[in-house]
Amino acid sequence: MYLLEARRAQIREALRQAHRDASERGELPQAPFPPCVLEEPRSEQHGDLATNVALQLARGTRLGPRQVAAALVAGLTPQRIPVLERAEVAGPGFINIYFRDGWLAPAVGEILAAGLDYGASAMGQGRRVLVEFVSANPTGPLNVVNCRAAAFGDSLVRCLNAAGYRAEAEFYVNDAGGQFRKLGLSLEARLRRLRGEAAEVPEGGYPGDYLVAMASRYADERGMDVLEQEPERRITMLARYAVDRILQRQREVLERFGVHFDHFSLESDIRAARGPERVVEELSARGYTEERDGALWLKTEGAGDNDDRVLRKRDGEYTYRVPDIAYHAGKFERGYDLLIDIYGHDHHGEVQAVRLALEWLGYPVDHLEVLLTQMIRLLRDGREEKISKRSGNFISMEDFLDEVGVDAARFFFLTRTIDTHMDFDVELAKRQSQDNPVYYVQYAHARICSILRQAGELVAEADAAPLVHPAETALLRALAALPDEIAAAASSRAPHRLTAYARQTAERFHGFYAQCRVLGGEPAQSRARLALCSATQIVLARVLGLLGVSAPQSM
RNA sequence: GCGCCCGUAGCUCAGCUGGAUAGAGCGGCUGACUUCUAAUCAGCGGGUCGCAGGUUCGAAUCCUGCCGGGCGCGCCA
């Protein structure tokens, strides 16, 4: 158990004891002891930890909160909590708790012992989680929107794993259906133009330049024979070729971005396994479908959706949502305890229908969490640009990474919650990449590495007791908070908390650095500060690792 | 019209699931390098938390209604 957690548990137990004693003496009414939240007050004048339990307990009684607080404070004694300095009632009934100097020192040893595992917890209890994200159509290069989802999803997976879950990352590939066909047709048109025919990219197809380049490459590699094939066959062949190429390129960019996927699931495999047929048969057998106007509908209206949804079109084809449902059914069958989907907010209208279908198929939909990333509005020098593969107009992830850099890009996206509607000006982002806070954090890490190099000796363990300077304790406090931060980032699905934490920790280190000389001082103090530096280096490297950002040894 | 999301400093955004005096970065202004990396530090200025009600000891946070914006509401994905 980490330091802060141990202190909280100790205090909580003492308060519970005090509550029981006071109840027996008749000072407080008999009532269950509420969940007692102990947090770090915003102002250090309010102590090292504070709680509002007394305010909770006083609710619904005739007693004043301060009176309740006083009864509880009586139980906070140095006998029960050796490190306690004092506890007092404050404001409307808060209990503020002050510890003796040096109470944070043990954190240093904890961190040095744990190394880069520091902050890991068993919160997730080994539960298996599948996180699906990006899942971009394999019909064009990835763009900045995918970049945001990639940064978020990848970091979330890392946080979950650090917090005791067993999380895996999955990419779903829509390599079948209507868009797949249109990709094939678009490539065909490019190939024909190459041969001098006046072919046009079909309506709703993909007019982007990347298919022009791909057509030349195709011709070089395989010639034009494909154009003599039967229409359906050549469309499929070309689409397959294009998807393979594009997916390969997507994987390379994601790799470069530090985003790792454990699984790629293909829609074509799901179709080959007759997943869509099975879904439709099962839903129909259970009475959730209806034939109407030559199509087959899922009866979602009135069940939480504002309309019925088509499953099978009049032309006999399945709508995209059927393989989607089959895919999710398959994910449940694969034995995960929790499924997390990360989609763009433009897909949110589809979520309810898929959830309903899965529920009707008997799957535990409360184990399916759908997180929606908000839209990015793309600006270029203040003017709006439409981002769409189909319009062929977008900023590719590759270009973005070329111009802004991997670390700055990841940090940039991870400072925002996924709920913000971002106005994203590429020119501005490029200009500001020099000012990106990521360098502030990395610089702190590099500075520490420099000190440790010069110290020449490895600090394995040290007596951290001499750390009493305000800048030292402020830094210690930040280091001790990492386990809480990781747990919170994982459980609230909010890895962006860690960018704020990283920045704050770096800030405290820079402050410490400016005020406290590490090398060449009094030996005991110097050793303690060296240990503190070492612990800080571990914490920064750990957080940056969870964010997918590099931790340079020098800058 | 209906659904989801957003509205916090000049700009870009946090605000730990209801706590004490609302924060950061950038931009603006002052200072600090013969000492472990100045990509740093110290300081100044900047706010009717969109508006109006409600819930309670206590609201940027929860509820309702408005106003403004984004995205959905395809037999496209």
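About the criteria used
- Residues numbered from 1 in each chain as written.
- Chains lettered and ligands numbered in written order.
- Predicted model: local features only at pLDDT ≥ 70, side-chain atom pairs only at ≥ 80, totals over all residues.
- Heavy atoms only, no water.
- Buried < 20%, exposed > 50% of the residue type's maximum accessible area, 1.4 Å probe, protein only.
- Helix = DSSP H or I, 4+ residues; strand = E, 2+ residues; numbered from the N terminus.
- Pairing = 2+ DSSP bridges.
- Right-handed = clockwise from strand over helix to strand, strands pointing away.
- Axes fitted to C-alpha atoms, helices over the stretch in contact; angles between N-to-C directions.
- Contact = heavy atoms within 4.5 Å.
- pLDDT = per-residue confidence, 0-100.
- Parallel < 35°, antiparallel > 145°, perpendicular 65-115°, else oblique.
- Left-handed = near helix turned anticlockwise from the far one by under 90°.
- Nonpolar A, V, L, I, M, F, W, Y, C, P; charged D, E, K, R; others polar.
- Phe/Tyr/Trp six-rings, centres within 6.5 Å; stacked < 30°, edge-to-face > 60°.
- Lys NZ or Arg CZ within 6 Å of the ring centre and 35° of its normal.
- Near = heavy atom within 4 Å.
- Polar contact = N/O pair within 3.5 Å; in protein donor to acceptor, adjacent residues only side chain to side chain.
- Core = buried A, V, L, I, M, F, W, Y, C linked by side-chain atoms within 4.5 Å.
- Domains from an automatic or database assignment.
- Salt bridge = Lys/Arg side-chain N within 4 Å of Asp/Glu carboxyl O.
- Disulfide = S-S within 2.5 Å.

**Let's talk about the pairing of strand β5 (residues 128-132)**
Most of β5 sits out of view: four of its five residues are buried. Sheet topology note: the β5/strand β6 (residues 166-173) ladder contains five bridges and is parallel. Paired with R128 across the bridge in β6 is R166. Note on the crossover from β5 through helix α5 (residues 144-162) to β6: the handedness is right-handed. Of the pairings in the sheet, the one linking β5 to strand β11 (residues 338-344) comprises four bridges and is parallel in character.

**Quick look at the sheet that holds strand β9 (residues 295-298)**
Reading across from one edge, β8-β9-β10 is the order of the three strands in this open sheet, with antiparallel pairing throughout. Looking at strand neighbours, the two that pair on one side only are β8 (289-292) and β10 (309-312), the edges of this open sheet. With strand direction ignored, the average angle separating the axes of adjacent strands in the sheet is 40°. The sheet contact formed by β8 and β9 spans four bridges and is antiparallel. Bridge pairing in β9 places E290 opposite W297. The strands touched by helix α10 (residues 275-285) within the sheet are β8, β9 and β10, with β9 carrying the most contacts at an inclination of about 70°.

**As for the confidence of the model for chain A**
Of the residues in chain A, 96% have a pLDDT of 70 or more, and the chain-wide mean is 91. Below a pLDDT of 50 lies the segment residues 389-393, which in the model reaches 24 contacts outside its immediate sequence neighbourhood of four places, other chains included. In the predicted assembly, ipTM is 0.94 and pTM is 0.94.

**Section: the packing of helix α16 (residues 437-455) against helix α20 (residues 523-547)**
It is the contact of α16 with α20, at a shortest axis distance of 9 Å, that shows an interaxial angle of 140°. The angle between α16 and α20 falls in the class oblique. Like other packed secondary-structure pairs, α16 and α20 cross with a definite hand, here left-handed. Residues V441, Q442, A444, H445, I448, C449, I451, L452 and A455 of α16 form the contact with α20, whose own contacting residues are L530, C533, S534, T536, Q537, L540, A541 and L544. Of the residues contributing to the contact of α16 with α20, the split by class is 12 nonpolar, five polar and no charged.

**Observations concerning the packing of aromatic side chains**
What the rule picks out here adds up to 14 aromatic pairs. Aromatic side chains F171 and F261 sit 5.3 Å apart centroid to centroid with 85° between the ring planes, which places their arrangement in the edge-to-face category. Taken together, the residues F171 in strand β6 and F261 in the loop between α8 (231-256) and β7 (263-266) connect sequence positions 90 residues apart. Clustering of aromatic rings is evident, with ring pairs tying together F133, F171, F261 and F264. Taking NZ or CZ as reference, R86 lies 3.8 Å from the ring centre of Y98, over its face. Directly above the aromatic system of Y513 lies the positively charged group of R447, at a separation of 3.8 Å from the ring centroid.

**Comments concerning unusual backbone geometry**
Here Q125, not a glycine, exhibits a phi torsion of approximately 50°, which is positive. Assignment of secondary structure puts Q125 in the loop between α4 (106-114) and β5. For Q125, a relative accessible area of 61% translates into the label exposed. Here S135, not a glycine, exhibits a phi torsion of approximately 40°, which is positive.

**Focus: the sheet that holds strand β4 (residues 94-99)**
Pairing in this open sheet of four strands is antiparallel, and the strands run β1-β2-β4-β3 from one edge to the other. Edge positions in the open sheet fall to β1 (38-39) and β3 (84-90), since each of these has one partner strand only. Against the sheet, helix α1 (residues 3-25) contacts β1, β2 (49-51) and β4, and its axis sits at roughly 130° relative to β4. Of the strands in this sheet, β3 and β4 touch helix α3 (residues 65-73), which is tilted by about 165° from β3.

**Section: the protein's contact with RNA strand B**
Near RNA strand B you find 62 residues, and of these R42, Y320, R416, Y440 and Y443 are the closest. Interatomic distance of 2.9 Å between a side-chain N/O atom of R59 and a base oxygen of RNA strand B. The backbone of M555 places a nitrogen or oxygen atom 3.1 Å from a base oxygen of RNA strand B. Elements represented by at least two residues in the surface near RNA strand B include exactly β4, β9, α12 (348-360), β15 (422-425), α16 and α19 (496-515).

**Notes on the nonpolar core**
By size, the foremost hydrophobic cluster in this structure holds 127 residues, and its most contacted members are L72, L76, I97, F400 and F424. Considering each element in turn, this core owes the most residues, 13 residues, to α20. Formed jointly, this core draws a minimum of three residues from each of two domains, domain 1 (3-99) and domain 2 (106-119 + 433-547). Contact partners of L72, with chain neighbours within four places excluded, come to L15, A18, H19, L28, V53, A54, L57 and I95. Counting 27 residues, the second-largest nonpolar core is a separate cluster that includes I270, L283, A326 and V354.

**Structural notes on the pattern of salt bridges**
For the coordinates displayed, the defined rule picks out 38 salt bridges. Among the ionic pairs, R286 bridges to E282, the shortest N-O distance being 2.7 Å. Using a relative accessible area of 42% as the deciding quantity, one classes R286 as partly exposed. Look at E282 and you get partly exposed, because its relative accessible area is 32%. Here the salt bridges do not stand alone but share partners, grouping E188, R192, R195, E197, E228 and R234 into one network.

**Thoughts on the state of the cysteines**
In the structure shown here, the tally under the stated rule is zero disulfides. Here C147 stays unpaired: no disulfide links it, and the sulfur of C159, its closest cysteine neighbor, is 17 Å away. C147 sits in the buried class, given a relative accessible area of 0%. The thiol of C533 is unpaired, and the distance to the nearest cysteine sulfur, on C516, comes to 9.5 Å. Residue classification places C533 among the buried residues on the basis of a relative accessible area of 0%.

**Quick notes on the pairing of β4**
Most of β4 sits inside the fold, with five of its six residues counted as buried. Bridging between β2 and β4 involves three bridges; their strand directions are antiparallel. Looking at β4, one finds that A50 is bridged to N96. The sheet contact formed by β3 and β4 spans six bridges and is antiparallel. Looking at the pairing, A87 lines up with I97 of β4.

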